[in-house]
Amino acid sequence: MKKRKLGKSALEIAPLAFGGNVFGWTADEATSFRLLDAFVAAGFNLIDTANSYSRWVPGNQGGESETIIGNWLRRRPGVRAQVLIATKVGSEMGPGQSGLSKAYILKEVERSLQRLGTDHIDLYQSHWDDEKTPVDETLEAYGQLVRAGKVRVIGASNFTPARLSASLESSAAHGYPRYESLQPEYNLYARAKFEGELADLCRKEELGVIPYFSLASGFLTGKYRSEADFGKSPRGQRVQEMLNDRGRRILAALDQVGREVNATPAQVALAWLLARGVTAPIASATSVEQLNELMQGATLELSQDAVQTLNAASAY
């Protein structure tokens, strides 16, 4: 399987990342272990999580996903060398516990390392921008972690073009580590926020792009086609607003292209992202069967005609 470099770094990523937001939420530890085993066995290597996953679940406090990944690593001797662990810092973990200040980053990284049971994080990402903290301070903290060997590469998520550009300029001016990737929300339905200035900046600066919500919270799998379908999963309520005229056009195009290439809507949606030049879309699964479907999408190649059909249907 051909891997892609993450930005200008030495990290090489297979063309699909596993979204660890489901660990400790819709996938218990035993299920999570089966999913991770299947993912690695198929030749994929990037596992994406965050310190805050899955704090939104009643009874959870955050860190549940990292803990499950750490337990899996401990019970699979030798697997740590086969995978890349990506996690994030910045989301709220409690009152006064959020942001990208140096003090907060240096504290939170130790908690993540402990939960993950590893001595280094391959890709450490700023989950949300913190406009109250100067970019220099944030990057100085990351520089300290890189020098200590606790972090290999840094990335950004949910940044505006202006703040991402300012961060890259600061890195160049002061010798700090540079963001080597951007994790934006990007999929066939949600195109406008990333395409344009952000995408242009990523191309210009050679940043890797690892989009989240690659399947639009499941909408692009085709399982939500009427209001009666919204109760099919905990994410069902998120997709109601997508079931509009444009959303139906997108589903129809996914069905059309899927028939032409003998693929499911989810596989076609992932293949479209890769055809648009992203490094590795992030996708989650709660069963091995579902994961196998998604992994096949990461190796599906679409013709230019198919890509254009999808582009036209999802035009905004």
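Look a little higher up for the structure.
The text that follows walks through the structure, step by step, so that each part is easy to find. (Residues numbered from 1 in each chain as written. Predicted model: local features only at pLDDT ≥ 70, side-chain atom pairs only at ≥ 80, totals over all residues. Heavy atoms only, no water.)

## Description of helix 5 (residues 161-174)
- Between its first and last C-alpha atoms helix 5 spans 20 Å; for 14 residues at 1.5 Å apiece the expected length is 20 Å, and the two agree.
- Along helix 5, the residues classified as buried are P161, R163, L164, S167, L168, S170 and S171.
- Looking at the buried positions of helix 5, the neighbouring elements they touch are helix 4 (135-147), strand 7 (151-157), strand 8 (179-183) and helix 6 (197-205). (Helix = DSSP H or I, 4+ residues; strand = E, 2+ residues; numbered from the N terminus. Expected span 1.5 Å × (residues − 1). Buried < 20%, exposed > 50% of the residue type's maximum accessible area, 1.4 Å probe, protein only. Contact = heavy atoms within 4.5 Å.)

## Some thoughts on the pairing of strand 8
- With five of five residues buried, strand 8 lies mostly within the body of the structure.
- Bridge analysis of strand 7 against strand 8 gives three bridges, and the strand direction is parallel. The partner of S157 across the bridge, within strand 8, is Q183.
- Handedness of the crossover joining strand 7 and strand 8 through helix 5: right-handed.
- Examined bridge by bridge, strand 8 and strand 9 (residues 208-209) share two bridges and lie parallel to one another. Paired with S181 across the two strands is G208, which belongs to strand 9.
- Handedness of the crossover is the feature at issue here: the chain leaves strand 8, passes through helix 6, returns alongside strand 9, and the resulting connection is right-handed. (Pairing = 2+ DSSP bridges. Right-handed = clockwise from strand over helix to strand, strands pointing away.)

## Points about the pattern of salt bridges
- Across all of its chains, the model carries 16 salt bridges by this definition.
- The residue R115 makes a salt bridge to E66 at a minimum N-O spacing of 2.7 Å. Taken as a pair, R115 in helix 3 (residues 102-116) and E66 in helix 2 (residues 64-74) lie far apart in primary sequence, 49 residues in all. Taken as a pair, R115 and E66 share a single burial class, namely buried. (Salt bridge = Lys/Arg side-chain N within 4 Å of Asp/Glu carboxyl O.)

## Things to note about the nonpolar core
- Residues Y142, L164 and F219 are the most contacted members of the largest nonpolar core, which totals 88 residues.
- The greatest single-element share of this core, amounting to eight residues, is contributed by helix 8 (residues 265-275).
- Those residues in contact with F219 that lie beyond four places of it in its chain are Y189, Y224, V239, M242, L243, G247 and L251.
- Formed by 13 residues, the second largest nonpolar core is a distinct cluster that contains L6, L84, I210 and I282. (Core = buried A, V, L, I, M, F, W, Y, C linked by side-chain atoms within 4.5 Å.)

## Notes on unusual backbone geometry
- Between Y53 and the following residue, S54, the backbone shows a cis peptide bond with an omega angle of 0 degrees.
- The phi angle at E206 is positive, at roughly 55 degrees, despite the residue not being glycine.
- Mapped onto the secondary structure, E206 falls in the loop between helix 6 and strand 9.
- Take E206: its relative accessible area is 47%, and that puts it in the partly exposed class.
- Although it is not a glycine, F213 sits at a positive phi angle of roughly 50 degrees.
- Tracing the backbone through its elements, the reader meets F213 in the loop between strand 9 and helix 7 (245-261).

## Quick look at empty space enclosed by the protein
- For the structure on display, the rule yields one cavity of 30 Å³ or more.
- In this structure, the largest cavity occupies an estimated 30 Å³ of space.
- Taken together, L100, D129, D130, T133, P134, V135, T138, F159, R163, S167 and Y179 form the lining of the largest cavity.
- Here the residues of the lining of the largest cavity sort into five nonpolar, three polar and three charged. (1 Å grid on protein atoms, 1.4 Å probe; cavity = no way out; pocket = protein on both sides within 12 Å on 5 of 7 lines; lining within 4 Å. Points joined across faces, edges and corners; volume = space filled by probe spheres on them. Nonpolar A, V, L, I, M, F, W, Y, C, P; charged D, E, K, R; others polar.)

## Quick notes on the sheet that holds strand 7
- The strand order across the open sheet formed by eight strands is 9-8-7-6-5-4-3-10, and the pairing between neighbours is parallel. Of all strands in the sheet, those bounded by a partner on one side alone are strand 9 and strand 10 (282-283).
- Both strand 3 (residues 17-19) and strand 4 (residues 46-48) contribute to a ladder of three bridges, which runs parallel. By the bridge assignment for strand 4, A17 is matched with L46.
- Sheet contacts for helix 3: strand 5 (84-89), strand 6 (121-126) and strand 7; angle to strand 6, the most-contacted strand, approximately 140 degrees. (Axes fitted to C-alpha atoms, helices over the stretch in contact; angles between N-to-C directions.)

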